[in-house]
Amino acid sequence: MKIKSQEIAVEFTNRCSARCQICPREQFTQRLQDMDWDLYKKVIDDAASYDIDMLNTCGYGETFLDKLMFARLRYARKKLPDARIYVSSTCFHMDESKYREVAEYVDILKISFYGMTRETYEASHRGNLKFDVSLYNILGFLKYIEKRRKKPYISVLFTVTDTNKDDMQPFIDFWTPLVDEVMVWKPHNFAGGRRYRQIDRANQKSCGRPFNGPPIITASGKVSICCFDFNSQLIIGDMKTQTLEEVFHSEALRKIQQAHRDNDFRGLICQDCCQTNHDPGVLVYASNAARAVGKENSTLLDFKEGVTV
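The following refers to the structure shown. Predicted model, so just to flag it, every value in this text is computed and none were measured.

The next subject is the pairing of strand β4 (residues 108–112). In terms of burial, β4 is largely enclosed, as five of its five residues are buried. Residues Ile108, Lys110 and Ser112 line one face of β4 and the alternating positions Leu109 and Ile111 line the opposite face, and both faces are buried. This β-α-β element, strand β3 (residues 84–89) to helix α3 (residues 99–105) to β4, shows right-handed connectivity. Alignment of β4 against strand β5 (residues 153–159), held across five bridges, turns out to be parallel. Looking at the pairing, Ile108 lines up with Tyr153 of β5.

Structural data, given as structure tokens:
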């Protein structure tokens, strides 16, 4: 691969029942869909020719809304036996009927939980999410895996805003004894979709994503090089008509990489992206010492440097 990361992100679905305060979901222009099964198989079969160490199922949808979720994970486990499987979710749709397969197939489960009362949780996540249901599902799953030999690494994420800031310490106190890791972050701008952070245009520099990856294969098959590209504007290829090899050597990727080498983001959504300014204060709290506050961190658990979140 012409990208350093040995991770590949595949968006199973872009449908979501949340309308989180921090997410520019109301600006979403993509057709709502689940990834076609044959397209998914093509992506995984192609990825099997590389030394992939992580399959990231995150995108702009809720993975548990995909009816083929576990069929996809089974297929990925067969074709990518050494890759860790990463799922990010609110767990609102992870009911008891899904516990066994989550425990069996998922290696890393990151849970977004943005409030410790019904009022702040539902004001932060919005949409159809209910505090009591999400909490019940999560605590039930933690109970289910207590005595299992194989269990996912579980982190719980809190993104602090004016709506839920008083819940931050109760969040830390409640979840720290129960899970492997807790994190508190300030919200980001989703490449212009939000305005939480000030952009210093005079001191912008590459975030590293066009070189480090991972490639984001959306539910439509289009491939973006940025996880904040919620409306697929940094497209470097299309898996419906191309191979990963062709995508990795595309002219579109070359042009984006050159712009990032030059730190010249004119004409790209990167111009309005907070990831081009390193802010040491965006990670507010981390229970894992390897994810040091003030250090550049990936949101994943391999702690690859060079990515600001």
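More follows now that the structure is in view.
Relative to the assigned elements, Asn14 resides in the loop between β1 (7–10) and α1 (37–47). Considered as a pair, Asn14 and Gln271 are 257 residues apart in the sequence and their alpha carbons are 25 Å apart. Contacts of Asn14, omitting those with residues within four sequence positions, involve Arg25, Phe28, Gln30, Arg31, Leu32, Gln33, Tyr60, Gly61 and Ala219. Here Arg31 takes part through its backbone oxygen, which lies 2.9 Å from a polar atom of the side chain of Asn14. Within the structure, the side chain of Asn14 is placed 2.8 Å from the backbone nitrogen of Gln33, a separation counted as a polar contact.

What follows is about helix α6 (residues 168–175). One turn of an α-helix holds 3.6 residues; hence residues three or four places apart share an orientation. Inspection of α6 places Phe171, Ile172 and Trp175 among the buried residues, and these make up the whole buried set. Projection of α6 onto a plane perpendicular to its axis shows the buried side chains occupying an angular sector of 95°, all on one side. Looking at the buried side of α6, the elements it contacts are α5 (131–144), β5, β6 (181–185) and β10 (283–286).

In this section: the state of the cysteines. Counted under the stated rule, the structure contains zero disulfides. Here Cys23 is not cross-linked by a disulfide; its sulfur's nearest cysteine counterpart is in Cys20, at 6.4 Å. Looking at Cys23, the relative accessible area reads 17%, which means it is buried. Unpaired in terms of disulfides, Cys207 finds its nearest cysteine sulfur in Cys226, a separation of 6.0 Å.

Take the packing of α1 against helix α2 (residues 69–79) next. Their axes nearest at 10 Å, the elements α1 and α2 cross at an angle of 25°. As judged from the angle between their axes, α1 and α2 are roughly parallel. Read as a crossing pair, α1 and α2 show a hand that is right-handed. Counting all contacts with α1, which are made through Trp37, Tyr40, Lys41, Ile44 and Asp45, the residues of α2 involved are Ala71, Arg72, Leu73, Tyr75, Ala76 and Lys79. In terms of residue class, the contact of α1 with α2 is built from seven nonpolar, no polar and four charged.

We now examine the packing of aromatic side chains. What the rule picks out here adds up to 17 aromatic pairs. Ring geometry for Trp37 versus Tyr75: centroids 5.9 Å apart, planes at 70°, classification edge-to-face. Within this pair, whereas Trp37 is found in helix α1, its partner Tyr75 is found in helix α2, the two being separated by 38 residues in sequence. Judged by its relative accessible area of 13%, Tyr75 falls in the buried class. The positively charged end of Arg72 is found above the aromatic ring belonging to Phe12, 5.5 Å away from the centroid. A cation over a ring is seen here: Arg72 above Tyr40, with NZ or CZ 5.1 Å from the ring centre.

Reading guide: rules and limits
- Counting starts from 1 at the beginning of each chain's written sequence and moves along it residue by residue.
- For this predicted model, a pLDDT threshold of at least 70 governs which residues receive local features, and a threshold of 80 or more governs which side-chain atom pairs are given and counted, while totals over whole chains, interfaces and linings are taken from all residues.
- Computation of side-chain values covers all heavy atoms of the structure but excludes hydrogens and water.
- Each residue is assigned to one of three classes by its accessible area relative to the maximum for its type, calculated with a 1.4 Å probe on protein chains only: buried under 20%, partly exposed between the two thresholds, exposed over 50%.
- Helix numbers and strand numbers start at the N terminus; a helix is a DSSP run of H or I with at least 4 residues, a strand a run of E with at least 2.
- The crossover handedness rule: strands pointing away from the viewer, path from first strand over the helix to second strand clockwise, crossover right-handed.
- Here, strands pair whenever DSSP counts at least two bridges between them.
- Contacts are assigned to residue pairs with any non-hydrogen atoms lying within 4.5 Å of each other.
- Within 3.5 Å is the distance limit for a polar contact, defined as a pair of N or O atoms, with the added protein rule that one can donate a hydrogen and the other accept it, and that residues adjacent in sequence qualify only through two side-chain atoms.
- The arc in question is the one traced by the directions running from the helix axis out to the C-beta atoms.
- Criterion for a disulfide: a pair of cysteine sulfur atoms at a distance within 2.5 Å.
- Structural elements are reduced to axes, namely lines fitted to C-alpha atoms, with helices fitted over the stretch in contact, and the angle between N-to-C directions of any two is expressed from 0 to 180 degrees.
- Any angle between 65 and 115 degrees counts as roughly perpendicular, while under 35 counts as roughly parallel, over 145 as roughly antiparallel, and the rest as oblique.
- Working rule for handedness: look at the near helix, and if it is turned counterclockwise from the far one by less than a right angle, call the crossing left-handed; if clockwise, right-handed.
- Under the grouping applied here, Gly and all other residues not named as nonpolar or charged are polar, the nonpolar ones being Ala, Val, Leu, Ile, Met, Phe, Trp, Tyr, Cys and Pro and the charged ones Asp, Glu, Lys and Arg.
- Aromatic contacts are taken between Phe, Tyr and Trp rings whose centres are within 6.5 Å, Trp giving its six-membered ring; a plane angle under 30 degrees counts as stacked, one over 60 as edge-to-face, and the others as tilted.
- Remark: a charge is flagged as sitting over a ring if the NZ atom of Lys or the CZ atom of Arg is within 6 Å of the ring centre and within 35 degrees of the ring normal.

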